[in-house]
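What follows is each chain in one-letter form.
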Amino acid sequence: MRRRTLIAAAGVAVLHPVPASAHVGVRTGLEIAGADDWDVLRDGTLGVVANLTAVDREYRHLVDLLHAAGLPIGGIFGPEHGFRGSQRVGGSSGVDARTGLRVYDAHRATHDQWVAMFTEAGVRTVVFDIQDVGARFYTYIWTLHDSMAAAATLKLRYVVLDRPNPIGGRAFGPMLKPGFASGVGLKAIVQQHGMTVGELARYYNSEFLPTPVRLEVVACEGWHGGLFAADTGVPWVMPSPNMPTPDTAAVYPGTCLFEGVTSISEGRGTTRPFELCGSPGLDHRWRDRVAEHELPGVALREAYFVPVAGKFADRLCGGVELHVTDRAAFDPIRTAVAMLVEARKLPGFAWRDDNPGRPPFADLLFGSDRPRTMIDAGASVESIVGSWVDELADFDRWRQPYLGYPRSLA
């Protein structure tokens, strides 16, 4: 990470306590750009990096709005799950039925592939609008990084239409370490980064890109780090098939870690993925042991469910449902660590390790092998969470110059 480039960016956050308010009517970058007749995007042929979440509060999609306004669009670049959200896994390419525009499959595209796609589409200005959910392993923020890097190579202009972080502006969890980069975490940021995509773009541009891109961020109006999705009035469109509600996003930075465990379902195949975790044979005892840790901001319910897909499909699972009761106090990663510490004591517990020559998947999600090895060694929740306190503080300090909105200190 290049510390020498920690320069002030426009709109650096002023850190002071700010009260959370209900339905404040936050305006997204899309809405602000549209209200200005898209002047910020009237600079040559556009390449639109977007998915189904790029909508205004009337649920009109960015591409449809730009197309109707007559702006030239050379291509649409769809991330994981496709541009219109039509793919359960992977991406898709072809022609958009509504607009007739070319759609490129950008999921897992290499740098050279991004460069080739932008070149073929004749792109001069790239515009990015995708709703992130605030976790390092949610792949859309790496689509942002990779498309920025390609745009920098081609000396293109890059415009981010910003959106609120639905789980607020606080950062939690461990840092990704060298040797653990993957599609679920390319660069050294912490597990819950607490940044908007516009803030991440500024961070990437100075800290990670060998050659900075010509970046402009159309900031949200009315958002601050103490607001969560339900406070903003911004319409929620599920950004991926297993992210149906903001409640899912709230727990996801923690319970997604169960994707690195083969013996416990993370709730895929239910209507409450990541809020439900369990497996056949588990009962109230796991819930009761986790509850003994007195985790802040969350209530745990003994739960039973039958997934229709994924792990243990069509089998009765017992386990836990998470109910976030205080969003400001809730730490999803501490909660998940407590769940893993107690799950590791259960018969049959097993980490996922199905990719020879690569670290176990839990290590890629955590960003290192330290938390997993500490859990295996019987370490306490406090010692595991305490192991990343210093690196979390470092990240929180490093990100300050790139924050464009106030943060609550509450």
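Residues numbered from 1 in each chain as written. Predicted model: local features only at pLDDT ≥ 70, side-chain atom pairs only at ≥ 80, totals over all residues. Heavy atoms only, no water.

Some thoughts on the overall build of the protein chain
Okay, step 1: The helix and strand inventory of the protein chain stands at 13 helices and 12 strands.
Okay, step 2: Rg of the C-alpha trace for the protein chain: 21 Å, near the compact-globule value of 22 Å for 410 residues, within the 12% margin.
Okay, step 3: Each of the three principal axes of the protein chain carries a C-alpha extent, and together these read 60 × 45 × 45 Å.
Okay, step 4: For the protein chain, with 410 residues in total, the buried portion stands at 58%.
Okay, step 5: A separation threshold of at least 6 residues defines the contact pool for the protein chain, and within that pool the share at least 24 residues apart is 75%.
Okay, step 6: As displayed, the protein chain offers around 16000 Å² of accessible surface, 52% of which is attributable to carbon and sulfur atoms. (Helix = DSSP H or I, 4+ residues; strand = E, 2+ residues; numbered from the N terminus. Rg over C-alpha atoms; globule rule 2.2 N^0.38 Å. Buried < 20%, exposed > 50% of the residue type's maximum accessible area, 1.4 Å probe, protein only. Contact = heavy atoms within 4.5 Å. Areas by Shrake-Rupley, 256 points an atom, 1.4 Å probe, with all protein chains shown as cover.)

Considering the nonpolar core
Okay, step 1: Core analysis: the biggest nonpolar cluster contains 96 residues, and Phe77, Leu144 and Trp286 have the highest contact counts within it.
Okay, step 2: Ranked by residues supplied to this core, first place goes to helix H4 (residues 140-153) with 9 residues.
Okay, step 3: Contacts of Leu144, omitting those with residues within four sequence positions, involve Phe128, Tyr158, Val160, Val197, Leu200, Ala201 and Tyr204. (Core = buried A, V, L, I, M, F, W, Y, C linked by side-chain atoms within 4.5 Å.)

Comments concerning the sheet that holds strand E11 (residues 298-305)
Okay, step 1: On the basis of which strands lie adjacent, the open sheet formed by 3 strands has the order E10-E12-E11 and antiparallel pairing. Unpaired on one side and paired on the other, strand E10 (276-279) and E11 mark the two borders of the sheet. The sheet shows a mean angle of 25 degrees between the axes of neighbouring strands, direction not considered.
Okay, step 2: Relative to strand E12 (residues 317-324), E10 runs antiparallel, the two sharing 4 bridges. When the sheet's bridge partners are listed, Ser279 is paired in E12 with Gly318. (Pairing = 2+ DSSP bridges. Axes fitted to C-alpha atoms, helices over the stretch in contact; angles between N-to-C directions.)

Points about the packing of aromatic side chains
Okay, step 1: Within this structure, the stated rule accounts for 16 aromatic pairs.
Okay, step 2: Ring geometry for Phe77 against Tyr104: centres 4.9 Å apart, planes inclined by 10 degrees, an arrangement best described as stacked. Here Phe77 is found in strand E2 (residues 73-78), whereas its partner Tyr104 is found in strand E4 (residues 102-105), with 27 residues between them in sequence. The pair Phe77 / Tyr104 is uniform in exposure class, with both members buried. (Phe/Tyr/Trp six-rings, centres within 6.5 Å; stacked < 30°, edge-to-face > 60°.)

Things to note about the side chain of Glu259
Okay, step 1: On the secondary structure map, Glu259 appears in the loop between helix H7 (246-255) and E10.
Okay, step 2: For Glu259, a relative accessible area of 12% gives the class buried.
Okay, step 3: Leaving out residues up to four positions away in the same chain, Glu259 has contacts with Glu266, Arg268, Phe274, Lys311, Arg352, Phe361 and Leu365.

Some remarks on the packing of H4 against helix H5 (residues 197-207)
The packing of two helices is summarised by the inter-axis angle and the distance between the axes.
Okay, step 1: Between H4 and H5, whose axes approach to 10 Å, the crossing angle comes to 45 degrees. One way to sum up the angle between H4 and H5 is to call them oblique. You can see that H4 and H5 cross each other, and the crossing is right-handed. Note on element contacts: H5 touches H4 through Val197, Leu200, Ala201, Tyr204 and Asn205, opposite Ile141, Trp142, Leu144, His145 and Met148.
Okay, step 2: Considering only residue class, the contact of H4 with H5 consists of 8 nonpolar, 2 polar and no charged. (Parallel < 35°, antiparallel > 145°, perpendicular 65-115°, else oblique. Left-handed = near helix turned anticlockwise from the far one by under 90°. Nonpolar A, V, L, I, M, F, W, Y, C, P; charged D, E, K, R; others polar.)

Considering the environment of Glu80
Okay, step 1: For Glu80, the position within the fold is in the loop between E2 and strand E3 (94-95).
Okay, step 2: Along the sequence, Glu80 and Asn51 sit 29 residues apart, while their C-alpha atoms lie 8.7 Å from each other.
Okay, step 3: A polar contact of 2.7 Å, which involves the side chain of Glu80, links it to the side chain of Thr139. (Polar contact = N/O pair within 3.5 Å; in protein donor to acceptor, adjacent residues only side chain to side chain.)

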